[in-house]
Amino acid sequence: MATKSERVMSLRAVRQLRRVRAFYASGFTLWGVSTAWTAWQSPGSRQMWACVLLMVIFTGLLGVASLWLQRLQARDGMQVAHHAASRRTATAGHAHT
């Protein structure tokens, strides 16, 4: 069983990886659109190939971040979501009964 400090580090790692994955996904989207636009305006240009290169880099980073997140969640058994619930909202429903 994991210690409390290991679980806290795991929670932080999952949150950080989700943020990073969202950032890489937006970077991939931006460079994908930029690649399409540049390919439409001037196909085969140096700018188009630079956009393609950056899109490939962001695709790789997105894939690695997704893989790490998937492995981390599989290792922890998805116990992360239960920790995020607020105690105040969980006990508020019981106070009125």
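Above this note sits the structure.
Because the structure is predicted, anything quoted here is derived from the model rather than measured.

**Let's talk about the overall build of the protein**
So, step 1. In terms of helices and strands, the protein carries 4 helices and 0 strands.
So, step 2. Moving toward the C terminus, one meets the helices and strands of the protein in the order α-α-α-α.
So, step 3. For the protein, buried positions account for 20% of its 97 residues.
So, step 4. The contacts in the protein between residues at least 6 apart in sequence include a share of 69% that link residues at least 24 apart.

**A word on the packing of aromatic side chains**
So, step 1. Counted by the stated rule, this structure contains 3 aromatic pairs.
So, step 2. Ring geometry for Tyr24 against Phe58: centres 6.1 Å apart, planes inclined by 70°, an arrangement best described as edge-to-face. One end of the pair, Tyr24, is in helix α1 (residues 4-41); the other, Phe58, is in helix α2 (residues 46-76), with 34 residues separating them in the sequence. You'll find Tyr24 and Phe58 in the same group, each marked buried.
So, step 3. What links up through ring pairs into an aromatic cluster is the set Phe23, Tyr24 and Phe58.

**Focus on the environment of Ala36**
So, step 1. Residue position: Ala36 is located in helix α1.
So, step 2. C-alpha of Ala36 to C-alpha of Met48: the two residues are 12 residues apart in sequence and 8.3 Å apart in space.

**Quick word on α2**
So, step 1. Its 31 residues give α2 an end-to-end C-alpha distance of 45 Å, which sits within 8% of 45 Å, the value for a rise of 1.5 Å per residue.
So, step 2. Taken together, the buried positions of α2 are Met48, Cys51, Phe58, Leu62, Ala65, Leu69, Leu72, Gln73 and Asp76.

Conventions we followed
- Residues numbered from 1 in each chain as written.
- Predicted model: local features only at pLDDT ≥ 70, side-chain atom pairs only at ≥ 80, totals over all residues.
- Heavy atoms only, no water.
- Helix = DSSP H or I, 4+ residues; strand = E, 2+ residues; numbered from the N terminus.
- Buried < 20%, exposed > 50% of the residue type's maximum accessible area, 1.4 Å probe, protein only.
- Contact = heavy atoms within 4.5 Å.
- Phe/Tyr/Trp six-rings, centres within 6.5 Å; stacked < 30°, edge-to-face > 60°.
- Expected span 1.5 Å × (residues − 1).

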